[in-house]
Structure formats: C-alpha cells, structure tokens
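# Structural overview for review
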Amino acid sequence: MKTKELFTVLKSNKDKSLLFEYAPNLLVGANYHITEVKHVTIDSVDCGAQTDAWKETIIQLWESPMELGKTEYMSVYKALSILKKVEKMKPFQLTSEVKFEYGNTTFHTAQLFVNDFEIRGNNLIFKLAVEKTDCKAKSTCSVQDSNDKPELAAAEVEPCCSPSGNCC
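Rules used throughout
- Residues numbered from 1 in each chain as written.
- Predicted model: local features only at pLDDT ≥ 70, side-chain atom pairs only at ≥ 80, totals over all residues.
- Heavy atoms only, no water.
- Pairing = 2+ DSSP bridges.
- Helix = DSSP H or I, 4+ residues; strand = E, 2+ residues; numbered from the N terminus.
- Contact = heavy atoms within 4.5 Å.
- Axes fitted to C-alpha atoms, helices over the stretch in contact; angles between N-to-C directions.
- 1 Å grid on protein atoms, 1.4 Å probe; cavity = no way out; pocket = protein on both sides within 12 Å on 5 of 7 lines; lining within 4 Å.
- Points joined across faces, edges and corners; volume = space filled by probe spheres on them.
- Nonpolar A, V, L, I, M, F, W, Y, C, P; charged D, E, K, R; others polar.

Taken together, the 13 bridges between strand β3 (residues 32-45) and strand β4 (residues 51-63) define a ladder with antiparallel strand orientation. Looking at β4, one finds that Thr41 is bridged to Lys55.

The structure is reproduced here in structure tokens:
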C-alpha cells in the first residue's frame, strides 16, 4: 500500500476504531501508540551490482505496558491527526510504500507490509504481513525462481556465488 492510499482509507473511515492484524487472527493490542513515523530513503546495490533507490514510510506501533487492560482502540480520527501533525513537520512522500513496524514478546519486531484492509463493524482493520527476502538480480545472476522448478532451486548452488559468477 502506498502512503497516499493509506491516507485515503483513513480519511474515508474517520469514525471507526483502528486495528492492526499483524498475523492471521492476531491483533496489535488496544494499548498501542504510534511512537514514530520514519521517512526512509533506501539507496541500495543488489547482488547483481545494480543500484536502486526508493522511499518508504514506516509507522511504528508500540504497546504500552502501563495500559495492558485497555479495550478501546485508537480512533482513525486520532491516528489521522497524529499523521497530519507529522506531515506539517516532515512532509510525506505519497508514492512511497507504507509499512508498520511492530513487535511484542511473542512476535519478532518487523516492518510489515499492508496486504489488505477491511471494515468489520465499527473497526477499520489493516492486515499486515511479513514479506520474505528475495534476490532482485535473478536474471543477472542466473538464479532460478524456486516457484518455477523447486527441485532445481533446492539442489543447485547459485552460480553467482562462485568466484567467476556475475554477482558482487
């Protein structure tokens, strides 16, 4: 989900409670706070020696241990007001991917992508998910996608990892 779409969804649902599903049927606690908004620029070199750059918006969620019994979730209106305050200080890049950073005692801290959202009753629920790492230089490095031929991908050593390979 791009940052612009996030704002559109929030603005269309100001009267709802804002929930986050960080894994199937597991919700971030009602005691969460938005503790940080990061405007991140990634400037990278992949294993095929290709450069790339992009921007991300990362919104950090934190569960307050002082509010463990809380049952009322933050309203979309309040979350939107927090993000508007941030925007006045540091403008958002609306075309950047938005991620939510979250972790708790049973779930590793991760930057989670928004896979989907749903309206359920008076709740706006963002469905978050971990994305697996991937090789961006598969064609350059002659790496076969394991989805194409899983038996080959598991059996072969990546040719780009050899001293004479095409990769870094």
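Structure's up, so let's keep going.
In this section: the sheet that holds strand β7 (residues 123-129). Spatially, β2-β1-β7-β6-β5-β4-β3 is the arrangement adopted by the seven strands of the open sheet, whose pairing is mixed. The sheet is open, and its two borders are formed by β2 (26-27) and β3, each paired with just one other strand. As defined by bridge partners, strand β1 (residues 17-23) adjoins β2 across two bridges and the pair is classed as antiparallel. Among the inter-strand pairings, Glu21 is bridged to a residue of β2, identified as Leu27. Sitting on the sheet, helix α1 (residues 3-11) touches β1, β4, β5 (97-104), β6 (107-120) and β7, and the angle it makes with β7 is about 155 degrees. Sheet strands in contact with helix α2 (residues 76-89) are β1, β3, β4 and β7, and its direction is about 50 degrees off that of β3.

In this section: the layout of surface pockets. Its volume calculated, the largest pocket comes out at about 210 Å³. Along the walls of the largest pocket sit Trp54, Glu56, Glu97, Lys99, Phe113, Glu131, Lys132, Thr133 and Lys136, which together make up its complete lining. Put simply, the parts of the chain that give the lining of the largest pocket at least two residues each are β4 and β5. The residue inventory of the lining of the largest pocket, partitioned by class, reads two nonpolar, one polar and six charged.

In short, shape yes, function no, at least from these values alone.
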